[in-house]
Amino acid sequence: MKLKDSVAIITGSSSGIGAAIARLFAEHGCHVVINYSNNADGANAVAEDCRSHGVRALVCKANVAEDADCRAMVDAAEKEFGRVDILINNAGTTKFCDHANLDGLDMKDFQDLYAVNTVGAFQMTRAAEKALRANGSGHIINMASIAGLAGIGSSIAYAASKGALVTMTRSLARVMGPEVRVNAVCPGFVQGEWLMKGLGEETYGKLLAKTKAGSPLHDAASPETVADVCLGLIIGGDLTTGESILIDGGAHLGMAPVRR
């Protein structure tokens, strides 16, 4: 699949990974729908960055936990561009809670996280299904996490919601083919403001250093490296569907052997 003149909806793209994906796709000639729920200034700044590459950018306020918002965003994209080729289900949320603190989570926490991280991705897929199938080569990428594969991360509720998203990716890949490929990307520790705010600067710095030291590639993911993997899946993965791609520098392999 070629990105030039394609149209991508990228949920949660006013900052972080979503913004990096939007900017990278725009560099390759892809028109983009920038979605936000609260950060209008960020969304508009990302849209301007994208337009500087000569593409069109539509800014849409929508909460993916609301089905009506999902349908309205897809409708707006079709009205503006006449098509939708790519859906990046990137919008996500969490609650930071030590896994050992079982009393730190309640039913509403699970419901709130699932509503965005899992149900939101399903609702966006359902809303965009007809448009994605129309050109015969659509692609969906779900932003999962190593948390969903290893049961780690910001909280048990977050890990569970991302694990459900990984499973849903496989289910959707079966039913959306052959017209649409569905894959997930699973970042590990992602450098940036989101984790720094959630963990606190001191804890963030310690975990980043530990992650880099303990991975074979001695590095940790960034929004830009995650965006690179998404780009590769779009333009170079024509026979890849139902997969979950880890992006963690090999940290899941354990401590790298000492190099002499």
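If you're wondering where the values come from, they're calculated on a predicted model, not measured in any experiment.

Procedures and definitions
Residues numbered from 1 in each chain as written. Predicted model: local features only at pLDDT ≥ 70, side-chain atom pairs only at ≥ 80, totals over all residues. Heavy atoms only, no water. Pairing = 2+ DSSP bridges. Helix = DSSP H or I, 4+ residues; strand = E, 2+ residues; numbered from the N terminus. Axes fitted to C-alpha atoms, helices over the stretch in contact; angles between N-to-C directions. Contact = heavy atoms within 4.5 Å. Salt bridge = Lys/Arg side-chain N within 4 Å of Asp/Glu carboxyl O. Buried < 20%, exposed > 50% of the residue type's maximum accessible area, 1.4 Å probe, protein only.

**A short note on the sheet that holds strand E6 (residues 180–187)**
Here's step 1: Spatial strand order, E3-E2-E1-E4-E5-E6-E7: 7 strands in an open sheet with parallel pairing. Edge strands, defined here as strands with exactly one partner in the open sheet, are strand E3 (57–61) and strand E7 (244–247). On average, adjacent strands in this sheet sit at an angle of 20° to one another, irrespective of strand direction.
Here's step 2: Two elements, strand E1 (residues 7–10) and strand E4 (residues 86–89), share 3 bridges in a ladder whose sense is parallel. When the sheet's bridge partners are listed, Ile 10 is paired in E4 with Ile 88.
Here's step 3: Packing against the sheet, helix H4 (residues 107–134) makes contact with E1, E4, strand E5 (138–143) and E6, and its axis sits at approximately 175° to E4.

**Overview of the environment of Asp 69**
Here's step 1: Here Asp 69 is to be found in helix H3 (residues 67–81).
Here's step 2: In this structure the C-alpha to C-alpha distance between Asp 69 and Ala 127, which are 58 residues apart in sequence, comes to 9.7 Å.
Here's step 3: Beyond its immediate sequence surroundings of up to four residues, Asp 69 is in contact with Ala 62 and Asn 63.

**Quick look at the pattern of salt bridges**
Here's step 1: As enumerated under the stated definition, the model contains 12 salt bridges in all.
Here's step 2: Between Asp 112 and Lys 108 there is a salt bridge; the shortest N-O distance is 2.8 Å. Taken as a pair, Asp 112 and Lys 108 lie in helix H4 at a separation of 4 residues, close to a single helical turn.
Here's step 3: According to the relative accessible area criterion, Asp 112 is partly exposed, its value standing at 35%.
Here's step 4: Overlapping salt bridges bring together Asp 67, Arg 71 and Arg 126 as one network.

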